[in-house]
Amino acid sequence: MTDIPPYEAPKYISRFLDGETTLAEERALYRLYLSGTPLGAEAEELREMMTMLAAAAGVDSPAREPRLLHLLRWTSIAALFAIVFTASLILPANESRASALPADYARYEGSYIVRNGDTIRDLRIVVPELRRVQAEMQRVAQEVERPADIDFISL
């Protein structure tokens with residue numbers, strides 16, 4: 001016999017006191033008392049005797065995990081799942097963004113632009129803007145270097 005449910009304890013106690021229990025049932029009854037489970041007023045009167053008989057029979061109390069340790073373990077497991085779930089939502093998004101960028105964008109890492117007071121660090125926006133500004137600057141530089149078609153003599 002493995003264990004006695006607490007609601008059946010009065011039946012087994014009555015059989016024990018009448019000498020009708022088997023050795024396995026007695027050991028299960030001892031374990032029930034050693035577990036600290038509340039059993040009712042009549043059964044509680046026998047707790048001291050049953051714990052002494054359990055010690056004499058060599059029955060150890062069932063190992064019970066302390067309530068705080070049990071709560072801490074389940075809280076830790078829940079926190080771990082929350083972290084893994086959050087990471088699974090965040091990391092693939094960043095990974096796909098990084099892999100979708102052209103290889104030459106890597107040298108622009110850390111670059112940013114400011115538009116309407118907002119700092120933009122997304123290289124898919126920053127690099128084309130930098131290239132557009134660079135092309136505009138080259139166009140202006142060519143105009144400045146080009147000789148003017150103005151005839152200063154006729155003025």
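In what follows, the structure referred to is the one given above.
Within any chain, residue numbers begin from 1 and follow the written order of that chain's sequence. Predicted model: local features are reported for residues with pLDDT of at least 70 only, side-chain atom pairs are reported and counted for 80 or more only, and whole-chain, interface and lining totals are derived from all residues. Side-chain calculation: all heavy atoms of the structure are included, whereas hydrogens and water are not.

## Overview of the packing of aromatic side chains
How two aromatic rings sit relative to each other is set out by the distance from centre to centre and by the angle between their planes. Inclusion rule: Stacked, tilted and edge-to-face are the three classes applied to pairs of Phe, Tyr and Trp rings, where Trp contributes its six-membered ring and a pair requires centres within 6.5 Å; stacked means planes under 30 degrees apart, edge-to-face means over 60, and tilted covers the rest. Numbering of helices and strands runs from the N terminus; a helix is a DSSP stretch of H or I covering at least four residues, while a strand is a stretch of E covering at least two. Two thresholds decide whether a charge sits over a ring: the Lys NZ or Arg CZ must be within 6 Å of the ring centre and within 35 degrees of the ring normal.
Inspection of every chain in the model, using the stated rule, returns one aromatic pair. Residues F16 and Y30 carry aromatic rings whose centres are separated by 6.2 Å and whose planes lie at 80° to one another, so their mutual orientation is edge-to-face. In this pair, F16 sits in helix α1 (residues 9-17) while Y30 sits in helix α2 (residues 23-34), placing the two residues 14 residues apart along the sequence. The ring of Y112 has R121 lying over it, and the distance from NZ or CZ to the ring centre is 5.0 Å.

## Some words on a nonpolar patch on the surface
Note the threshold: For patch detection, residues must exceed 30% relative accessible area and be free of salt bridges, and they are connected within 9 Å for like charges or within 5 Å for nonpolar side chains (Val, Leu, Ile, Met, Phe, Trp, Tyr). Using the Shrake-Rupley algorithm and a 1.4 Å probe, accessible areas are obtained, with residue cover drawn only from the displayed protein chains. Here, a salt bridge means any Lys or Arg side-chain nitrogen found within 4 Å of an Asp or Glu carboxyl oxygen.
Residues F85, L89, I90 and L91 make up a contiguous nonpolar surface patch of about 430 Å² in total accessible area. Among the structural elements, F85 can be located in helix α5 (residues 67-100).

## Thoughts on the environment of A43
Heads up, the condition is: Contacts are assigned to residue pairs with any non-hydrogen atoms lying within 4.5 Å of each other.
Locating A43 in the fold gives a position in helix α3 (residues 41-44). Measuring from C-alpha to C-alpha, the distance between A43 and P10 comes to 7.0 Å, with 33 residues separating the pair along the chain. When sequence neighbours within four positions are dropped, the list of residues in contact with A43 reads I13 and Y33.

## Structural notes on the packing of α2 against helix α4 (residues 47-57)
Quick note on the threshold: Fitted lines through C-alpha atoms give the axes, limited to the stretch in contact for helices. The angle between two N-to-C directions lies from 0 to 180 degrees. Note on terminology: angles under 35 degrees are roughly parallel, angles over 145 are roughly antiparallel, angles of 65 to 115 are roughly perpendicular, and the others are oblique. Should the near helix be turned counterclockwise from the far one by less than a right angle, the crossing is left-handed, whereas a clockwise turn marks it as right-handed. When residues are grouped by polarity, Ala, Val, Leu, Ile, Met, Phe, Trp, Tyr, Cys and Pro land in nonpolar, Asp, Glu, Lys and Arg in charged, and all others, Gly among them, in polar.
Packing of α2 against α4 brings their axes to within 9 Å, and their N-to-C directions diverge by 120°. Between α2 and α4, the interaxial angle falls into the category oblique. In this structure, the crossing between α2 and α4 has a hand that is left-handed. The segment α2 lies against α4, with R27, L29, Y30, Y33 and L34 engaging R47, M50, T51, L53, A54 and A57. Grouping the constituent residues of the contact of α2 with α4 by class yields eight nonpolar, one polar and two charged.

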